[in-house]
Amino acid sequence: QRQYAVAFCKHIQNELEQHRNFQSQFLKTKPPVESGMILYEAELLHFAEDLKKWKERYIVIRNDYAVQSFESKEAYQKGVSPKYRILPAGGKVLTSEEDYNLLSDKHFPDPVASNEKENAQAFVLLPKEFPVYLWQPYLRHSYYCFEDPEAQQQFSAVLNDCVRHLNQDFLKQTTFDAQAFLEAVQFFRQEKGHYGSWEMITGNEIQILSNLVMEELLPNLQTMLLPKMKGKRNDRKRVWFAIVEETYNLVQEQVSEGLNTLKEECKDLTKNLEGTIRSDMDQILNSKNYLAGKIKATVSEPAEKCCMENIQPFLPSILEELMGPVSSGFSEVRLLFEKEVNEISQDFQKTNDATKLKENLKQLMNLPFNSVKMEPCYLKVNLLQEELQDLKSRFKFYHIDFVVQRTQNFMQELMENAVYTFEQLLSLSSQGDTVQISTAIEKVKLRVLKQYDYDSSTIRKKIFQEALVQITLPTMQKTLASACKPELQKYEQYIFADYTRVIQVENVYEEILFQTLLDETLKVIKEAAILKKHNLFEDNVNLPYESVSSLTDLKTPSGSAQASPAKKLSTTLTETSDTETQSNELLVVSEKMIQEKCHDARKPSDNEEAVYVNVSSSPAISREKVISTDITDKPASHPITPKEEKDVEEMITSQNENAVETKFGGNTEKENKVQEEERSLTAPGTVNEIRSLLMVTVELPAVAPSENKKEVANEYEILKWQEHGEEISQSKCY
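Residues numbered from 1 in each chain as written. Predicted model: local features only at pLDDT ≥ 70, side-chain atom pairs only at ≥ 80, totals over all residues. Heavy atoms only, no water.

Trainee: Which parts of the structure should I look at to understand the side chain of Glu520?
Mentor: Mapped onto the fold, Glu520 is located in helix α17 (residues 505–530). With residues up to four places along the chain from it excluded, the contact list for Glu520 reads Cys307, Met308, Gln312 and Leu315. (Helix = DSSP H or I, 4+ residues; strand = E, 2+ residues; numbered from the N terminus. Contact = heavy atoms within 4.5 Å.)

So, in structure tokens, the structure goes:
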């Protein structure tokens, strides 16, 4: 209840202040996948616990990551309910009997000494050579068998994806009630002396709360029941796992009922508070800032001392250990994307089949969900398990799995954005003969790779920041707890009586510790970026958090001015009443750009002008809007100097100076020409490359779905006119 009110107040504050995430992103963000998408379906051998024997079952896994088992494929197709449905949150996927026995024995503290013969007996006899074990902490384990290693690998890879997503998806939620819940769990555990990450904070709210209960209940069950069990070791083990599962199901029932009641109470509480929060937000913030100042006066010195002595000296080495495997994983994703696109291009050049090209592009869109192809990328990050072993002794950080799984989720998201951006940009240019389409595929691929490099750097820095704080913050919390926490109660007097529900001393104290440590982590990450370690880019400019991959990305709402990431816009709108004038106007604009470029070539200046055109494709609205951009205008909310613009250009293009050449069975004359054009786009001293990433447009009239094709075609014509204008510009300047 305490954390719910605090989180709700913060939610209202963000709403009133219209906070926005200014993290830059070049790739388009792929819309969420529709629910019900099938990730895996096959008939396989499954061990039925109720029958104590292996049975053929039809297994279906959708993108809710639940494992469903049906009697047969026919039963599934008829819509019959599954025999069972498992959410494998917190689970572990194993493919060897030895590994499974080690893990299951660890969670069966048998008080009776067993002889070697009993220990050697298999817990479940395997009918085939290639098993997959799904171990779960409080649920009975699942066993599957396959005839060949390829089928085993495919199923285990999909199961690992399920576990990873179910472990992390709730933690990613940004709703205020989810954040309140996670804060409450953290403070609850701190009151019991537990600091830092917890391996059982997996799954949804009910599962996490049930895990909290089981953490205290399980030792009592072991003491009460295990010594009284009789029979063979495997029989006792099987009975124990069944008891634990029944207990867990009972706990979940009661927790679910209690949580629903509590949520209703919290909602009623916030309804009563909302009016006060909205009307008194300024006073609430002033009161909180005053309280923070008082606490900081006491806490700052010991916090900084703890940081300097116990944390700061180790941050660079921890970061170094993180950067290698994480960057290797993202590089592997990049290589996989490039390889798949090259294969599509080669196949199209051989077949010249547009229908086959569309099928290949559809398969490319499913690449992020192809667990087998993505698994080698994920395995690169698993090296963190070995690299960060020292953290267990120094920082008591035992749950490196969380860092690994969160990184793997980011890798999958970035692949989704990359294939989506590629498909969107290629649709602008998927017209013409074989050579034109092949050239378009190559150009779009290179653009997406450059955008990927920038976004990869941004995401990796976010991963490093979160990981460094997650690893080291518990040390500071534990070190200061005995001296500072008992003193916190006296600061409650500084909170106005009306605001005691929305301002909690414990939250303000935690925020001060977090900020102290965050400042230190950002310093070491910035130093790594300056040294360009693992191809990290510096944060030279703050760009709006939206993809600017094509002409249709930035649309200025009516009556408002949209700031370009690179320059401040001064907008002049010219309207024409005739659609026939559109092409003529494009030629005029191109000529104007040529004159400006030639003028700049004769007389160097810090002031540059660029003219971008966007033509409405709606037949009903035949007007053209031209934006004239001048960096001598009034500074934007995120100003950037010409020097900074050049730095950004060099930052993005330097990543790809040694880009892998496409292998289309030897370089033809036309392919060499394409490569020369690409090199000319990245020539030093030009802004063509940054323009290719930061295309600016104005509001497009709403277009009906039936008109989308016309809109895409017109946008592609504009791109061709701009490229044509740049070529003429270069020839006239020379």
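Now that the structure has been shown, the text picks up again.
Trainee: Teacher, can you tell me more about unusual backbone geometry here?
Mentor: Even without glycine at this site, Asn352 takes up a positive phi of about 55°. Inspection of the secondary structure assignment puts Asn352 in the loop between α10 (315–351) and α11 (354–365). Taking relative accessible area as the criterion, Asn352 reaches 48% and is therefore assigned partly exposed. One non-glycine residue, His534, adopts positive backbone phi at about 50°. Following the sequence through the fold, His534 ends up in the loop between α17 and β8 (569–571). (Buried < 20%, exposed > 50% of the residue type's maximum accessible area, 1.4 Å probe, protein only.)

Trainee: I tried to follow the sheet that holds strand β1 (residues 38–48) on my own but got confused; where do I start?
Mentor: The 7 strands are arranged β4-β3-β2-β1-β7-β6-β5 in an open sheet whose pairing can be described as antiparallel. Both outer strands of the open sheet, β4 (84–86) and β5 (92–94), are each paired with one neighbouring strand and no more. For this sheet the average axis-to-axis angle between neighbouring strands, irrespective of direction, equals 30°. In this sheet, strand β2 (residues 53–62) lies alongside β1 in antiparallel orientation, the contact comprising 10 bridges. Its bridge partner lying in β2, Leu44 is registered against Arg57. Here helix α3 (residues 97–106) sits on the sheet and contacts β5, β6 (130–135) and β7 (142–146); the angle it forms with β6, its principal contact strand, is near 20°. (Pairing = 2+ DSSP bridges. Axes fitted to C-alpha atoms, helices over the stretch in contact; angles between N-to-C directions.)

Trainee: Explanation requested: α10 in the structure shown.
Mentor: Since the α-helix turns once every 3.6 residues, residues separated by three or four places project in the same direction. With 37 residues, α10 should reach 54 Å at 1.5 Å per residue; the first-to-last C-alpha distance of 54 Å fits that figure. The largest bend in α10 is about 25°, located at Met323, with the proline Pro325 one to four residues further on. Once α10 ends, the next one or two residues include Asn352, with phi positive near 55°. (Expected span 1.5 Å × (residues − 1). Bend = angle between axes of the 7 residues up to and from the residue.)

Trainee: Would you mind going over a negative patch on the surface with me for this structure?
Mentor: Together, Glu321, Glu386, Glu387 and Asp390 make up a region of like negative charge exposed at the surface. With respect to the secondary-structure elements, Glu321 resides in helix α10. (Patch = residues over 30% accessible without salt bridge, like charges linked within 9 Å, V, L, I, M, F, W, Y side chains within 5 Å. Areas by Shrake-Rupley, 256 points an atom, 1.4 Å probe, with all protein chains shown as cover. Salt bridge = Lys/Arg side-chain N within 4 Å of Asp/Glu carboxyl O. Lys, Arg positive; Asp, Glu negative; His and termini not counted. Charge placed at Lys NZ, Arg CZ, Asp CG, Glu CD.)

Trainee: Explain the packing of aromatic side chains here, please?
Mentor: Here a ring pair, both rings aromatic, is described through the centre-centre distance and the interplanar angle of the planes. One pass over the structure, following the stated rule, counts 24 aromatic pairs. Look at Phe47 and Trp54: their rings are 5.5 Å apart centre to centre, the planes differ by 65°, and that puts the pair in the edge-to-face class. The buried category is assigned to Phe47, whose relative accessible area is 9%. A relative accessible area of 16% means that Trp54 is categorised as buried. Seen in terms of ring centroids, Tyr491 and Tyr494 are 6.2 Å apart; in terms of plane orientation they differ by 35°. Their pairing is tilted. (Phe/Tyr/Trp six-rings, centres within 6.5 Å; stacked < 30°, edge-to-face > 60°.)

Trainee: Help me out: how do you make sense of α3 in this one?
Mentor: Buried within α3 we find Tyr100, Leu103 and Ser104. Around the axis of α3, the buried residues are gathered within 95° of arc, so they sit on the same side. Turned more than 90 degrees away from the buried face of α3, the exposed residues are Glu98, Leu102 and Lys106. Residues of α3 that are buried in the fold lie against β5, β6, β7 and α8 (233–279). (Arc of directions from axis to C-beta.)

Trainee: How do you make sense of the confidence of the model for the chain when you look at a structure like this?
Mentor: Close reading of the predicted structure is inappropriate where its pLDDT is low. Looking at the chain as a whole, its pLDDT mean stands at 78, while 71% of the residues score no less than 70. In the model, residues 541–646 has pLDDT below 50 throughout and makes 213 contacts with residues more than four positions away in sequence or in other chains. Note on residues 696–719: pLDDT is under 50 here. Beyond four places in sequence and across chains, it has 52 contacts. (pLDDT = per-residue confidence, 0-100.)

Trainee: Can you help me understand the pairing of β7 in this one?
Mentor: Each regular strand displays side chains that alternate between the two surfaces of the sheet. The buried fraction of β7 amounts to 5 of the 5 residues, a majority that puts the element mostly inside the structure. Residues of β7 alternate between two faces, with Ser142, Tyr144 and Phe146 on one and Tyr143 and Cys145 on the opposite face, all of them buried. Bridging between β1 and β7 involves 2 bridges; their strand directions are antiparallel. Within the sheet, the bridge partner assigned to His46 lies in β7 and is Tyr144. Linking β6 back to β7 in an antiparallel pair, the connection comprises 6 residues.

Trainee: What am I meant to see in the state of the cysteines here?
Mentor: Between two cysteines, a covalent bond joining their sulfur atoms is known as a disulfide. Taken as a whole and judged by the stated rule, the model has 0 disulfides. Cys306 provides the cysteine sulfur closest to Cys307, a residue in no disulfide bond, and the two sulfurs are 7.1 Å apart. (Disulfide = S-S within 2.5 Å.)

Trainee: Where do I start with the pattern of salt bridges in this structure?
Mentor: As a working rule, side chains carrying opposite charge can pair if their charged atoms are close by. Under the definition given, this model contains 32 salt bridges. For Arg233, the salt bridge is made with Asp105, and the minimal N-O distance between the two is 3.4 Å. Remark: Asp105 occurs in helix α3 and Arg233 occurs in helix α8; sequence separation between them is 128 residues. What makes Asp105 partly exposed here is its relative accessible area of 28%. Lys172 serves as the salt-bridge partner of Glu413, at 3.0 Å between the closest nitrogen and oxygen. Placement of the pair is Glu413 in helix α15 (residues 400–426) and Lys172 in the loop between α5 (149–168) and α6 (176–191), with a sequence separation of 241 residues. Counted as one network, the salt bridges with shared partners bring together Arg334, Glu338, Glu442, Lys445 and Asp453.

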